[in-house]
Amino acid sequence: MRHVGWIAGTAATVLAAAGAITYAVADGDDSGTRTPAADSADAGFARDMAVHHQQAVEMSYIVRDRTKDVEVRRLAYDIAQTQANQRGMLLGWLDLWELPKVTPDPPMTWMGMGDMASGKDGSLMPGMATNTEMKRLGTLDGKQAEVFYLQLMTDHHKGGVHMAEGCVAKCAVGVEKRLAQGMVDAQQSEIALMADMLKARGAKARD
């Protein structure tokens, strides 16, 4: 029943993130009210992770229509809801800061990795699936869809953890740093869970 405890933990992470701004104000942390620069790590992470999260949401809804497996459908729903909520927070901060949601700079520029984001076949940032992979996911059913989703999402989470760790190290806004750390913790737990789920299906994560 390991997945039950994990889901409860993830739900707690989402609730904590949703209350981060309220807590910061009550605790006297005014970092959430300071406006970062458009080229700051805070703004860059908010923009890039919003895009990264959107693909995870799309991927999760695709697989929910391709399998009847309760465990995979539960995981996909949880990821979709969690990342959609976090995406709303990130875009909300950009609105609050009156900063653009898109820039001419390549993704990951705020991490000094703009040259790594080729955008080849829709894979804009590390871990993101290509357009071809997303289309393939939509053609699979049952166990094949489950395995491919778990492999894609494992890669996606590894890229997301790397980005979130970058914000923890570089962002200046306290509530955003805490949200990023929550992403690291939750997604690392999900990676471990997905490794178990892949093993149960006679598969493993991609190299």
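That block above? That's the structure.
Reference entry: report on the structure contained in this document.

With respect to the element layout, His156 can be found in helix α6 (residues 142-170). The exposure class of His156 is buried, given its relative accessible area of 1%. Ignoring anything within four residues of it in the chain, the contact list for His156 reads His52, Gln55, Ala56, Met59, Gly127, Met128 and Ala129.

This brings us to the nonpolar core. The biggest cluster of nonpolar side chains holds 31 residues, and the ones touching the most others in it are Phe45, Met49, Leu90, Trp93, Leu94, Ala164 and Met183. Of all elements in the fold, only α3 (41-64), α4 (70-97), α6 and α7 (174-200) reach the threshold of two or more residues within this core. Ala56, Leu150, Leu152 and Met197 belong to the second largest nonpolar core, which has 22 residues in total.

For the rest of this paragraph, the subject is the pattern of salt bridges. Counted under the stated rule, the structure contains seven salt bridges. We note a salt bridge from Asp141 to Arg66, for which the minimum N-O separation is 3.0 Å. A residue pair is termed long-range when its members are at least 10 positions apart, and Asp141 in the loop between α5 (131-137) and α6 and Arg66 in the loop between α3 and α4 qualify at 75 residues. Residue Arg66 is classed as partly exposed on the basis of its relative accessible area, which comes to 23%. With a closest N to O distance of 2.8 Å, Arg201 and Glu146 form a salt bridge. Here Arg201 is found in the segment after α7, whereas its partner Glu146 is found in helix α6, with 55 residues between them in sequence.

Packing of α4 against α6 leaves a shortest axis separation of 11 Å and a crossing angle of 30°. Crossing handedness for the pair α4 and α6: left-handed. Two secondary-structure elements touch here, α4 through Val72, Leu75, Ala76, Ile79 and Gln83 and α6 through Glu146, Tyr149, Leu150, Met153 and His157. Residues that form the contact of α4 with α6 fall into these classes: seven nonpolar, two polar and one charged.

Criteria and cut-off values
Residues numbered from 1 in each chain as written. Predicted model: local features only at pLDDT ≥ 70, side-chain atom pairs only at ≥ 80, totals over all residues. Heavy atoms only, no water. Helix = DSSP H or I, 4+ residues; strand = E, 2+ residues; numbered from the N terminus. Buried < 20%, exposed > 50% of the residue type's maximum accessible area, 1.4 Å probe, protein only. Contact = heavy atoms within 4.5 Å. Core = buried A, V, L, I, M, F, W, Y, C linked by side-chain atoms within 4.5 Å. Salt bridge = Lys/Arg side-chain N within 4 Å of Asp/Glu carboxyl O. Axes fitted to C-alpha atoms, helices over the stretch in contact; angles between N-to-C directions. Left-handed = near helix turned anticlockwise from the far one by under 90°. Nonpolar A, V, L, I, M, F, W, Y, C, P; charged D, E, K, R; others polar.

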